[in-house]
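Next come the chains, spelled out residue by residue.
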Amino acid sequence: MDDNLKVQFFDELFDIFSNQKDGWYAFYADYSSGKVHWSSELMNYFGMPQRVMDNNEALDKYISLIHPDDYEKYTDAVKDMFDGKTDSLIVSYRIKNKFGKYTTVSTYSQFKRDELGRPLFYAGYVVNYEKHDMVEPTTGLYTVKVLMTHLEELVSGNKSFFLLLFSIRNFTSINTKYGYVIGNQLLHEVAEIALSYRNGALVYRLEGTKFALLKDFDDDNANVNEYAQKTFNHIKNQLKSGINIDDHLIKLDIFGGGVNSTDNSVSTNTIYTSALYALSKSKEAGMTELNILNTSSVNETREKLYVLNEIRESVLNSYNGFYLVYQPIFSSDERKLVSMESLLRWRGESYGEIMPNTFIEWLEKDPVFYDLGIWILETALETAKPIINIKPDFIVNVNLAYPQLERDEFENDLKIVIEKSKVNPKNIRLELTERCRLLDKNLLIHRMEFIKSLGIQTSLDDFGTGYSAINLLFELPTNQIKIDKEFIKNIETEKPKQIMLKAITDCARILNAHVCIEGIESKEMADYICSNYNITSLQGYYFSKPVEIETFMDNIGKWL
């Protein structure tokens, strides 16, 4: 086939290809003729002098456009392909377009040889991420969408890698003090610092002020965690020394979390969620070092990821392995059953019973948690129906987590679930877990008012101590508070706890909010609480542990 026919054939194929994917630039190198054929889009975007060029001239020209910091990575990958170490080229880098601006791209290509090992052709495409909103405009870094693609590539290629996440502390105050223009300039400078210390890693801008670095390793390298910690410390120290913008020296502090992955049987979503979890725990604990998930041993890390991966897959597999247990709640006056709290459990074939404190906070970081929350509510309402038929004023308590409340579709989905269940809203109480207080207060108030407008009651779970706890009573439109069991531990002998509980219960009474005391473990404790404080209901092991619904129904006769 002569060059003109090849160009015509190539153009026809590219027209079909480009109609499907804008910003994907095809190319073809024919070793029988020694020519490279660029698509017109690639030629125009990067300013190539001709559509058809000699192989060596084309390669030299293309390589000359690559960012100096990415030059070695690209040329090493090309050399490995030409030397026969690989038969493909998959590499991400920055390259200068015809306007002199560096843009982030990836090359995906195949190198074919004949039966004697001689090169036949090399063909593939260059993906321009800026054409796909895959580059975040403020920083010029990859987005989370690209991160997930790169994670998939590493897992499918059975590569070991480290995913490092870091975020800026108190960035809202910086935007407030200096304005969003300087705030965006700071984010750009943070990106440049991360790039300067990446040591071969790919760098990404995630949501908010989160950044990520992803570095692959050839084997199960014992120094991977050391690399991650050193990289994090370099970035942290550079930011603490300050960034100078418009004569303002602005010092930043970061917190970080990460996961060392050495096994391709764990899904990319599990790995990413685990890194987010490690990051959030670092923030909560005020850690100064990088929080690496289960750093005590590689085997422990693997085992943890295996368990979490199976739990996550259970959500996607029709919630297989998940089930609910129910703990009864009794009136403080007659000690009769008035409601029950629905609690999530998980049991798997490989790992047996896994308690929720092992996985709930982790799973909350994953988008699948929202669907699990809907399933919990639907299941609890369906289970409560026979009890409501026996006792019309019976209430079923269901926990809500902050990832549910922050979703835009929450209100509409809640209405749909209640309507489908045909359970009267007056028989439903939604408990807001302690972590719901991480939400913006105005959003939290709005959600609680919406729930109230449906006729559903709300409860503040794990109610704490101090002024901030009492202040919540005045700020949030709740029907009930549940006093955490740790607060009443040894209350008979601890005067400060006695004073605080009286203040809380008196405030609740003034505001017409019920008070439920959790953690009742003995008759003596129940009697003491009921004799000394204005409370409404009791819950704890003295009455019953959380049980499956069959056991609950077996006992309902003696509880009513």
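Numbering of residues starts from 1 in every chain and runs along the sequence as written. Only residues with pLDDT of at least 70 are given local features in this predicted model, and only at 80 or more are side-chain atom pairs given and counted; all residues enter the totals for whole chains, interfaces and linings. Water and hydrogen atoms play no part in the side-chain values, which are based on all heavy atoms of the structure.

**Quick word on the overall build of the protein chain**
As a reminder, the rule being used: Put simply, DSSP marks the helices as runs of H or I at least four residues long and the strands as runs of E at least two long, and each gets a number from the N terminus on. Only protein chains enter the accessibility calculation, which uses a 1.4 Å probe. A residue is then buried if its area is under 20% of the maximum for its type, exposed if over 50%, and partly exposed in between. Whether two residues are in contact is decided by their heavy atoms: any pair within 4.5 Å suffices. With residues, only the protein chains shown are counted as cover, and all accessible areas are computed by Shrake-Rupley using a 1.4 Å probe. Lys and Arg are tallied as positive, Asp and Glu as negative. Neither His nor the chain termini are counted. Every charge is mapped onto a representative atom, which is NZ of Lys, CZ of Arg, CG of Asp or CD of Glu.
Scanning the protein chain for helices and strands turns up 20 helices and 24 strands. Here the C-alpha coordinates of the protein chain stretch approximately 95 × 55 × 45 Å along the principal axes. Per-residue burial over the protein chain gives 52% buried out of 560 residues. In the protein chain, of all internal contacts separated by at least 6 residues, the share reaching a separation of at least 24 is 65%. If you sum the accessible surface of the protein chain, you get close to 26400 Å²; carbon and sulfur atoms cover 49% of it. The average position of the 61 basic charges and that of the 80 acidic charges among the side chains of the protein chain differ by 4 Å.

**Details of the sheet that holds strand E5 (residues 102-113)**
The test is simple: Criterion used throughout: strands pair if DSSP finds at least two bridges between them. Axis lines are fitted to C-alpha atoms, over the contacting stretch for helices. Their N-to-C directions set the angle, which ranges from 0 to 180 degrees.
Ordered in space as E3-E2-E1-E6-E5-E4, the six strands form an open sheet in which the pairing is antiparallel. Edge positions in the open sheet fall to strand E3 (52-54) and strand E4 (88-96), since each of these has one partner strand only. Neighbour-to-neighbour, the strand axes of the sheet open up by a mean angle of 20 degrees, direction not taken into account. Judged from the three bridges that link them, strand E2 (residues 35-38) and E3 form a sheet pairing that is antiparallel. Within E3, the residue paired with Lys35 across the bridge is Asp54. Here helix H3 (residues 55-64) sits on the sheet and contacts strand E1 (24-30), E2, E3, E4, E5 and strand E6 (119-128); the angle it forms with E3, its principal contact strand, is near 100 degrees.

**A word on the side chain of Asn397**
Just so we agree on the cut-off: For this analysis, a polar contact is any N or O atom pair within 3.5 Å, provided that within protein one partner can donate a hydrogen and the other can accept it, and provided that sequence-adjacent residues contribute only side-chain to side-chain pairs.
Of note, Asn397 is situated in strand E19 (residues 395-400). One polar contact links Asn397 to Arg429, side chain to side chain, over a distance of 3.2 Å. Leaving out residues up to four positions away in the same chain, Asn397 has contacts with Ile329, Ser339, Met340, Glu341, Ser342, Arg429, Glu431, Gln480 and Lys482.

**As for the pattern of salt bridges**
The line we're drawing: Salt bridge, as applied in this entry: a Lys or Arg side-chain nitrogen positioned within 4 Å of an Asp or Glu carboxyl oxygen.
In this structure the tally under the stated criterion is 30 salt bridges. A salt bridge links Glu361 to Lys281; its shortest N-O distance comes to 3.0 Å. A residue pair is termed long-range when its members are at least 10 positions apart, and Glu361 in helix H11 (residues 356-363) and Lys281 in helix H9 (residues 268-285) qualify at 80 residues. On the accessibility criterion, Lys281 (25% relative accessible area) is partly exposed.

**Examining the nonpolar core**
How we decide: Among the buried residues, those of types Ala, Val, Leu, Ile, Met, Phe, Trp, Tyr and Cys that are joined through side-chain atoms within 4.5 Å form a nonpolar core.
With 114 residues, the main nonpolar core has Leu163, Phe322, Leu363, Ile483, Ile517, Ile529 and Phe552 as its most contacted residues. Residues Ile174, Val203, Phe232 and Ile245 belong to the second largest nonpolar core, which totals 33 residues.

**Section: unusual backbone geometry**
Backbone geometry at Asn158 places phi at a positive 55 degrees, although glycine is not the residue there. Its place among the elements puts Asn158 in the loop between helix H5 (144-156) and strand E9 (160-168). In this structure, Ser318 takes a positive phi of about 55 degrees despite not being glycine. In this fold, Ser318 is placed in the loop between helix H10 (298-316) and strand E16 (322-331).

**Here's the deal with empty space enclosed by the protein**
Worth spelling out the cut-off: Using protein atoms alone on a 1 Å grid, points that fit a 1.4 Å probe yet trap it form a cavity, whereas open point sets bounded by protein on both sides within 12 Å along at least five of seven lines form a pocket; residues with an atom within 4 Å of a point count as lining. Grid points are joined across faces, edges and corners, and a volume is the space filled by probe spheres set on the points.
Scanning all chains against the criterion turns up three cavities of 30 Å³ or more. What lines the largest cavity is a set of 13 residues, among which Arg94, Thr104, Tyr142, Leu195 and Arg198 lie closest to the centre. Listing elements by their share of the lining of the largest cavity, those giving two or more residues are helix H4 (68-82), E4, strand E8 (141-142) and strand E10 (202-205). When residues of the lining of the largest cavity are assigned to their parent elements, the largest contribution, three residues, is made by E4.

**A word on H9**
Quick note on the threshold: In this scheme, a helix's expected span is set at 1.5 Å multiplied by one less than its residue total.
If you check H9, its first and last C-alpha atoms are 26 Å apart, about what 18 residues at 1.5 Å a residue would give, namely 26 Å. With respect to burial, H9 is a largely interior element, 13 of its 18 residues being buried.

**Some details on the packing of aromatic side chains**
Filter applied, for reference: Two aromatic rings, drawn from Phe, Tyr or Trp (for Trp, its six-membered ring), form a pair once their centres lie within 6.5 Å of each other, and the interplanar angle then sorts them: stacked below 30 degrees, edge-to-face above 60, tilted otherwise. By the criterion adopted, a ring carries a charge over it if an Arg CZ or a Lys NZ lies within 6 Å of its centre and within 35 degrees of its normal.
All told, the structure shown has 25 aromatic pairs when counted by the stated rule. Ring geometry for Tyr62 and Tyr93: centres 6.4 Å apart, planes at 80 degrees, overall edge-to-face. Of this pair, Tyr62 sits in helix H3 while Tyr93 sits in strand E4, placing them 31 residues apart in sequence. You can call Tyr62 buried: its relative accessible area is 4%. Following the ring pairs from residue to residue traces out a cluster consisting of Tyr25, Phe27, Tyr31, Trp38, Tyr45, Phe46, Tyr62, Tyr74, Phe82, Tyr93, Phe111 and Tyr122. One Lys or Arg, Lys215, reaches over the ring of Tyr227 and ends 5.7 Å from the middle of that ring. In this arrangement the basic side chain of Arg407 is found over the ring face of Tyr370, its NZ or CZ atom lying 4.1 Å from the centre.

**A look at the packing of helix H12 (residues 368-390) against helix H14 (residues 410-421)**
The criterion, for reference: Convention used here: angles under 35 degrees read as roughly parallel, angles over 145 as roughly antiparallel, angles from 65 to 115 as roughly perpendicular, and any remaining angle as oblique. Left-handed describes a crossing in which the near helix is turned anticlockwise from the far one by less than a right angle; the clockwise case is right-handed.
For the pair H12 and H14, the least separation of the axes is 10 Å and the interaxial angle reads 25 degrees. Compared by their axis directions, H12 and H14 come out roughly parallel. Relative to H14, the crossing made by H12 is right-handed. Of the residues in H14, those touching H12 at Tyr370, Ile374, Leu377, Glu378, Leu381 and Lys385 are Phe410, Asp413, Leu414, Val417, Ile418, Lys420 and Ser421.

**A closer look at the side chain of Thr103**
Tracing the sequence through the fold places Thr103 in strand E5. On the basis of relative accessible area, Thr103 is assigned to the buried category, the value being 0%. In contact with Thr103, not counting residues within four places along its chain, are Tyr45, Phe46, Tyr93, Arg94, Ile95, Asn128 and Glu130.

**Some remarks on the confidence of the model for the protein chain**
For the record, the criterion: pLDDT expresses how confident the predictor is about each individual residue, on a scale running from 0 to 100.
Of all residues in the protein chain, 92% attain a pLDDT of 70 or more, and the chain-wide mean is 86. Low pLDDT, under 50, characterises residues 16-20; the predicted model gives this stretch two contacts beyond four residues in sequence or across chains.

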